[in-house]
Amino acid sequence: MILRRRGPQLALVALVQVLAMSLWFSASTVVPALRAEWGLSRQAGILLTITVQLGFATGAVVSAAVNLADRTRPQVLVAAGSALGAAATFAFPSAGPAAAAPLRFVTGFALAAVYPVGMKIVVSWFPRQRGTALGVLVGALTLGSALPSLLGGTGHWRTALLIAATLALLAAPIALTLVRPGPDWRPSPPWEPRYLLRMAGDRAQRLVCLGYFGHMWELYALWAWLPSYVAAAGDGDTFATIGVAGVAGALLGGVLADRFGRAAVTTGALLTSAACGLLSVAAWGTPLLAPLLLVWGAAVIADSAQFSAALSEVADPRYAGTALTAMTAAGFVVSAITIQLLPLLADLTGWRDAVTLLSAGPLLGAVAMVSVRAAAGARTPRSTGRP
């Protein structure tokens, strides 16, 4: 019975992620139209993306501090986050420029109840083959994040936002009525406010988090500014790079990680992604740029689920949700830094050279994951290569 329910539950959680995460770049994609109609400055446009990251990080920190992801029925939390994010996005078109950034902050805050909790639900159904299962979930997140690049083509920015809000609102009843935690769900552990300190003091968890931070240095800045990069280069396709190549990369990364180990796959993906950022300078203005972007789009997300899977395997199982939420929160703070820095650097050097900034994160992250892999070699055969 459990085996028969795993597949449908994974599909339902993935569907909820696609629908709810369409909110993420819903405003960022229509910034040119907002600047024209509302008279937003360039910095105000950047702020619309950064505030989502900071809202998400704030929501995740609050959740982690009170162990919310481990002490609340997960389907209720996911439904509430989807509905709140939808409400903030429904309000956005009529709120005006003064309320734009606060509403985007609320959207990010709400989504902190959707993605990390979704990861723990999936983990509760898949004590094994977590890499593949979480790869499906991250593929869903990737597809949802890419949807606004299609919705932006509806011809009017208000329509694009309302469609994204409607999709997220649909996620709420699906989560509430159909999504359920699996047999490995560990409900209502004692409140442990010091768990984050325990997490930071554990070498295995710390190294996995450092690898993830290197990944996040690159991921959302690339996603957020890829439309501008593609427009400047005159080549490439945003949806194909994020939505198509990204989904393929997330799924392939999951399958390979379950077979060859998470540390090996994350290290390979980080190095590939860093190489794409550096090679893009030479590929600029040539027919090689578009295929290189597809490789980059796959590599930049191929490792994402595996950091979550790795952390869930080394964290205290009772507080896996707290650990995943805390790591994700800190990662999104890191991503907010590069989202801010990249367009400023592009103003000075042009987009061709600016994106090389993104390669620094995955290179440093790969160093951390090499250390994880070396440490895993001394463990039992079950753990080798899978921190």
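Our subject is the structure listed above.
Below is a short write-up of the structure. Here the structure is a predicted model, which is why all the values come from computation and not from measurement.

Basis of the calculations
Residue numbers here run from 1 along each chain, matching the order of that chain's written sequence. Since the coordinates come from a predicted model, pLDDT governs what is reported: local features require at least 70, and pairs of side-chain atoms require 80 or more to be given and counted, while whole-chain, interface and lining totals use all residues. Derived side-chain values reflect all non-hydrogen atoms in the structure, with water molecules and hydrogen atoms excluded from consideration. The helix count covers DSSP runs of H or I at least four residues long, the strand count covers runs of E at least two residues long, and both are numbered beginning at the N terminus. Think of it in three bands: with a 1.4 Å probe and only protein chains considered, a residue is buried below 20% of the maximum accessible area for its type, exposed above 50%, and partly exposed in between. The contact criterion used is simple: two residues touch if any of their non-hydrogen atoms lie within 4.5 Å. Shrake-Rupley sampling with a 1.4 Å probe provides the accessible areas, and residues are treated as covered by the protein chains on show and by no other component. The distinction between a cavity and a pocket rests on a 1 Å grid over the protein atoms alone: a 1.4 Å probe fits inside a cavity but cannot get out, while a pocket stays open yet meets protein on both sides within 12 Å along at least five of seven lines, and a residue with an atom within 4 Å of a point counts as lining. Grid points are joined across faces, edges and corners, and a volume is the space filled by probe spheres set on the points. An expected span of 1.5 Å times one less than the residue number is assigned to each helix. Two axes are fitted around each residue, one to the seven residues ending there and one to the seven starting there, and the angle between them is reported as the bend at that residue. For helices, the fitted axis covers only the stretch in contact; all axes are lines through C-alpha atoms, and the angles between them, taken along N-to-C directions, range from 0 to 180 degrees. Working definition: roughly parallel below 35 degrees, roughly antiparallel above 145 degrees, roughly perpendicular at 65 to 115 degrees, and oblique for all remaining angles. Charged means Asp, Glu, Lys or Arg here, nonpolar means Ala, Val, Leu, Ile, Met, Phe, Trp, Tyr, Cys or Pro, and polar covers whatever is left, Gly included. Either an automatic procedure or a domain database provided the assignment from which the domain bounds are taken.

Structural notes on the overall build of the chain
Along its length, the chain carries 18 helices and zero strands. Evaluated residue by residue, the chain yields a buried proportion of 57% over its 387 residues. Taking the intrachain contacts of the chain between residues at least 6 apart in sequence as the baseline, contacts between residues at least 24 apart amount to 85%. A total accessible area of about 14400 Å² is found for the chain, and carbon and sulfur atoms account for 68% of it.

A word on empty space enclosed by the protein
In the structure shown here, the tally under the stated rule is two cavities of 30 Å³ or more. Estimates place the volume of the largest cavity at around 50 Å³. In terms of lining residues, the largest cavity is bounded by Tyr115, Val138, Leu141, Tyr212, Met216, Leu219, Tyr220, Ile301, Ser304 and Phe332. Contributions of two or more residues to the lining of the largest cavity are made by α8 (130-151) and α11 (203-233).

Remarks on the side chain of Thr266
Locating Thr266 in the fold gives a position in helix α13 (residues 262-283). What Thr266 contacts, discounting residues up to four positions off in sequence, is Asp303, Gln306, Phe307 and Met369.

Description of the environment of Ala79
Looking at where Ala79 falls in the secondary structure, it is placed in helix α5 (residues 74-95). For the pair Ala79 and Ala110, spaced 31 residues apart in sequence, the C-alpha separation works out to 9.9 Å. For Ala79, the contacting residues outside a window of four places in its chain are Ala172, Ala175 and Leu176.

Re the side chain of Thr238
Along the polypeptide, Thr238 turns up in helix α12 (residues 238-260). Owing to a relative accessible area of 14%, Thr238 belongs among the buried residues under this scheme. With sequence-adjacent residues up to four places away left out, Thr238 is seen in contact with Ser149, Leu226, Pro227, Val230 and Gly243.

Let's talk about α13
Its 22 residues place the ends of α13 30 Å apart at the C-alpha level, agreeing with the 32 Å of an ideal helix rising 1.5 Å per residue. Approximately 30° is the largest bend angle found in α13, and it occurs at Gly277.

Concerning the packing of α5 against helix α6 (residues 97-111)
Following both chains from N to C, one finds α5 and α6 inclined at 170°, their axes separated by 8 Å at the closest point. Considering the angle they form, α5 stands roughly antiparallel to α6. For the pair formed by α5 and α6, the contact residues are Gly81, Leu84, Gly85, Ala88, Thr89, Ala91, Phe92 and Ala95 on the first element and Pro97, Ala99, Ala100, Leu103, Arg104, Val106, Thr107 and Ala110 on the second. The residue inventory of the contact of α5 with α6, partitioned by class, reads 11 nonpolar, four polar and one charged.

Here we look at the layout of surface pockets
Space inside the largest pocket adds up to approximately 410 Å³. Considering the residues around the largest pocket, the lining is formed by 21 residues, among which Ser28, Ala224, Trp225, Pro227 and Ser228 are closest to the centre. Secondary structure elements with two or more residues in the lining of the largest pocket: α2 (31-38), α3 (42-65), α8, α11 and α12. A total of five residues in the lining of the largest pocket trace back to one element, the largest contributor, which is α11. Looking at the lining of the largest pocket, you find at least three residues from each of domain 1 (1-179) and domain 2 (191-377).

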